[in-house]
Amino acid sequence: MIHHYALLRQGFCLHYFSGDRETGERTIMKCPFCGGSESRVKDSRDVGDAIHRRRECEQCKGRFSTYERVEKTQLMVIKRDQRREPFDRQKLFIGISKACEKRPLSVNEIENAVEEIEQEVYRQGKQEVPGSVIGELVMDRLRTMDKIAYIRFASVYRSFGDVETMFEEIQNLLNREKGE
Ligand SMILES: [Zn+2]
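Notes on the structure follow. (Residues numbered from 1 in each chain as written. Predicted model: local features only at pLDDT ≥ 70, side-chain atom pairs only at ≥ 80, totals over all residues.)

**Brief notes about the overall build of the protein**
No. 1: Within the protein one finds five helices and eight strands.
No. 2: Secondary structure elements in the protein, listed N-terminal to C-terminal, are β-β-β-β-β-β-β-α-α-β-α-α-α.
No. 3: Residue burial in the protein is summarised as follows: out of 180 residues, 19% are buried.
No. 4: For the protein, contacts bridging at least 24 residues in sequence account for 47% of all contacts bridging at least 6. (Helix = DSSP H or I, 4+ residues; strand = E, 2+ residues; numbered from the N terminus. Buried ≥ 20, exposed ≤ 12 C-beta atoms within 10 Å, placed from the backbone. Contact = placed C-beta atoms within 7 Å.)

Structure representation (structure tokens):
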């Protein structure tokens, strides 16, 4: 069984596919920009049950990433009400972008954060991940990137019911900063 999907982003593409190692079934990797089938591997890393490769197209020099894995099912996110939904990288990107609005952060920095978080999720090698685990990863990352973005994200994510909780969060942040 082969799952094959690609997500195009600014000047960079993340390309997932999985082949079946047991039957030797192969997936032809096409460049998401020009459709060329020859690409050079620039970097290769083991991320749990998948191999992450950075590739460059021989034809158009476009860069894209692949996660190569034998996969029976798509990674699912367990929501608070116990419903499951497929892990959605785009959603992650939008959530972080919103928190970073009008902050001095480049699209590239946000992309890197998304990629790191995603890698961490895959590294755990589970088929189902609670949404809270992803939320905490985002907060860890934003905390080091931009404090305002962090507070914004946390306020939405933890849906502060009152000002006290929000102050508590800010206090925690300041304490951690002192400790760093
Ligand atoms: Zn190409």
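So that's the structure; there's more coming.
**So, unusual backbone geometry**
With the exception of glycine, most residues fall at negative phi, and the peptide bonds are largely trans.
No. 1: Within the chain, Lys-61 stands out as a residue other than glycine whose phi angle is a positive 65°.
No. 2: Relative to the assigned elements, Lys-61 resides in the loop between strand E4 (50-57) and strand E5 (63-68).
No. 3: With a phi close to 75°, Gln-82 is a non-glycine residue in the positive phi region.
No. 4: With respect to the helices and strands, Gln-82 occurs in the loop between strand E6 (76-78) and strand E7 (84-86).

**Thoughts on the packing of helix H2 (residues 107-123) against helix H3 (residues 131-145)**
No. 1: Running from N to C, H2 and H3 point in directions that differ by 145°, and their axes come no closer than 10 Å. Handedness of the crossing formed by H2 with H3: right-handed. Of H3, the residues touching H2 (which contributes Glu-109, Ala-113, Glu-116, Ile-117, Glu-120 and Val-121) are Ile-134, Leu-137, Val-138, Arg-141 and Met-145.
No. 2: In terms of residue class, the contact of H2 with H3 is built from seven nonpolar, no polar and four charged. (Axes fitted to C-alpha atoms, helices over the stretch in contact; angles between N-to-C directions. Left-handed = near helix turned anticlockwise from the far one by under 90°. Nonpolar A, V, L, I, M, F, W, Y, C, P; charged D, E, K, R; others polar.)

Everything listed is a geometric property; what it means functionally is a separate question.
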